[in-house]
Structure formats: C-alpha cells, structure tokens
Amino acid sequence: MAIKVYGLTLSNNALRAIAVLNEKGLDYELCPVDLQSGAHKKPEFLALNPFGQIPVVQDGDEIIFESRAITRYIATKYKESGADLLPDNSAKFETWLQVESSQFYPAISAINFELLIKPMIGMTTDMSNVEKQAEKLSAVLDVYEAHLAKNKYVAGDVFTLADLNHMPEVFLLLKSPKAELITSKPHVKAWWDDISARPAWKKTAASIPV
C-alpha cells in the first residue's frame, strides 16, 4: 500500500514530507486537503490530526503529523532505501536540525507568507513585517555563511535531513523580492545550488505551483 500524504504542494510543511519520500524513492499518494472549505477542521481529518493541520502521513497503521516528525520517521524507518539521511551519532546533525526549526524557520516562513502566500489568497502584505523578519533572517544567515564556509553541508560532509528540512522555504524565498538574502551570501548560495540540484528535489520542486 502506498504511503498517503494529506496536504497540498503549496504548503512548505507538506513539501518537507514529500521531499523526504522522493529522496527515499518511495511510492506515495498525495491526498489534497481543501483548506478553503475547512476540510482540515472536519471530524474525519481531525481523526488523523487533532490539531487540524497539514501534513499528515499515513503509512499502513501509522499516522504521523508534524512535518519534521514525518521526515525523521521516514528517514529512520526507510533508512536502507534511497539516500541515507541520518548520520550515525552526530551531535552536529542534531544541533542543526534544531537550528533549522528554531532559528531559521520562523523568519523565513513569515517572509514567504507575507510576500507570496498572502497575495495568492487575497490578503494584503505587511511590508513592515517583511522588513522586520528579513533583518532577523539576515542575521541567522550570517551564521550559516560562516558555518558553510567550513562545512559542505549543514551537518558536515554529507547531505542529510538537516539540509532537506530547509529546502521548501529556501525555494520559495528565491521566488520572492527577498531572494538576495540567499544569493548575496556566497557559501549559502553554493550550498543551495548543490542541494537543489539533487534529482529528488527537482522532482519535488516540479510539483510546486509557484
């Protein structure tokens, strides 16, 4: 039975789950969830995720929600399939998994929401918030620039889940007027050019309606 992904390819959290499935070469079925009609708040969806958020992955009898939990689950259960995304006993790996979620994600996701998602759903972009979040993200990316000057990937010498978890948000930012936050930093840009050239990511990116 194919793994089911409940979500939308316009959702970066859902794309995180799709990206790891593509890296692993696993078959999956995307089950669209109509957020505009409130499908994610109806009882049948709340039975999958009581918080009423996408994505949800159903793998046989297992139901997993929260995108980073999903990527870790898939990378662990299917470690022998596709690319091995989990280095052994790596403190750097565990650290940068957390850096992505706590330092990188809040600012970049806010920028992408303001500049790209709000206009698509008929809302008005708050440029003052864009600038505020851009300042925060620039400071975070200064740390990345120094780190990637010494490391090919965020967790060391090989591509891992710690890199993959960044990819949907970076992809969207590069479609926005704030792309220079990435392109102005040579080591960050070289890292992105490397990881975004992966066949699994190209397959993932081809499904993004932006």
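None of the values given here were measured: they were computed from a predicted structure.

A few points about the packing of aromatic side chains
Here's step 1: What the rule picks out here adds up to seven aromatic pairs.
Here's step 2: Centre to centre, the rings of Tyr153 and Phe159 are 6.3 Å apart; their planes meet at 85 degrees, and the pair counts as edge-to-face.
Here's step 3: Look at Tyr153 and you get buried, because its relative accessible area is 8%.
Here's step 4: With a centroid separation of 6.2 Å and an interplanar angle of 75 degrees, the aromatic rings of Trp192 and Trp201 are classed as edge-to-face.
Here's step 5: Grouped by ring-pair contacts, the aromatic residues Trp96, Phe104, Tyr144 and Trp191 constitute a single cluster.
Here's step 6: Directly above the ring of Tyr105 sits Arg68, whose terminal nitrogen or CZ lies 4.7 Å from the centroid.

Examining the pattern of salt bridges
Here's step 1: In the structure shown here, the tally under the stated rule is eleven salt bridges.
Here's step 2: Residues Arg16 and Glu100 are paired through a salt bridge, measuring 3.9 Å at the closest nitrogen-oxygen approach. Here Glu100 lies in helix 4 (residues 91-120) and Arg16 lies in helix 1 (residues 12-23), a separation of 84 residues in the sequence.
Here's step 3: For Arg16, a relative accessible area of 0% corresponds to the buried category.
Here's step 4: Given a relative accessible area of 0%, Glu100 falls into the buried group.

What to know about the side chain of His147
Here's step 1: Checked against the element boundaries, His147 lands in helix 5 (residues 127-148).
Here's step 2: Not counting residues within four places of it along the chain, the set of residues in contact with His147 comprises Lys92, Trp96, Tyr153 and Val154.

Some points on the environment of Glu145
Here's step 1: With respect to the secondary-structure elements, Glu145 resides in helix 5.
Here's step 2: Placed 142 residues apart in sequence, Glu145 and Ile3 show a C-alpha to C-alpha distance of 36 Å.
Here's step 3: Sequence-distant contacts of Glu145, defined by excluding residues within four places in its chain, comprise Lys185, Pro186, His187 and Val188.
Here's step 4: Of note is the side chain of Glu145, whose polar atom sits 2.9 Å from the side chain of His187.

Some thoughts on the sheet that holds strand 2 (residues 28-32)
Here's step 1: As summarised here, the arrangement of the four strands in space is 2-1-3-4, forming an open sheet in which the pairing is mixed. Here the strands that pair on one side only, and so sit at the sheet edges, are strand 2 and strand 4 (62-65). If you compare each strand with its neighbour and ignore which way they point, the axes differ by 20 degrees on average.
Here's step 2: When strand 1 (residues 3-7) meets strand 3 (residues 56-59), the two strands line up antiparallel, connected through three bridges. Its bridge partner being in strand 3, Lys4 is matched across the sheet by Gln58.
Here's step 3: Each of strand 1, strand 3 and strand 4 is contacted by helix 3 (residues 67-77), which is oriented at about 135 degrees to strand 4, the strand it contacts most.

Remarks on the UniProt feature "domain: GST C-terminal" (unreviewed entry) in the protein chain
Here's step 1: With numbering matched to this structure, UniProt assigns "domain: GST C-terminal" (unreviewed entry) to residues 86-210.
Here's step 2: Between the first and last C-alpha atoms of residues 86-210 the distance is 30 Å; the span itself is 67% helix and 0% strand.

Cut-offs applied
Residues numbered from 1 in each chain as written. Predicted model: local features only at pLDDT ≥ 70, side-chain atom pairs only at ≥ 80, totals over all residues. Heavy atoms only, no water. Phe/Tyr/Trp six-rings, centres within 6.5 Å; stacked < 30°, edge-to-face > 60°. Buried < 20%, exposed > 50% of the residue type's maximum accessible area, 1.4 Å probe, protein only. Lys NZ or Arg CZ within 6 Å of the ring centre and 35° of its normal. Salt bridge = Lys/Arg side-chain N within 4 Å of Asp/Glu carboxyl O. Helix = DSSP H or I, 4+ residues; strand = E, 2+ residues; numbered from the N terminus. Contact = heavy atoms within 4.5 Å. Polar contact = N/O pair within 3.5 Å; in protein donor to acceptor, adjacent residues only side chain to side chain. Pairing = 2+ DSSP bridges. Axes fitted to C-alpha atoms, helices over the stretch in contact; angles between N-to-C directions. UniProt positions renumbered as here; feature names shortened; annotations may be inferred.

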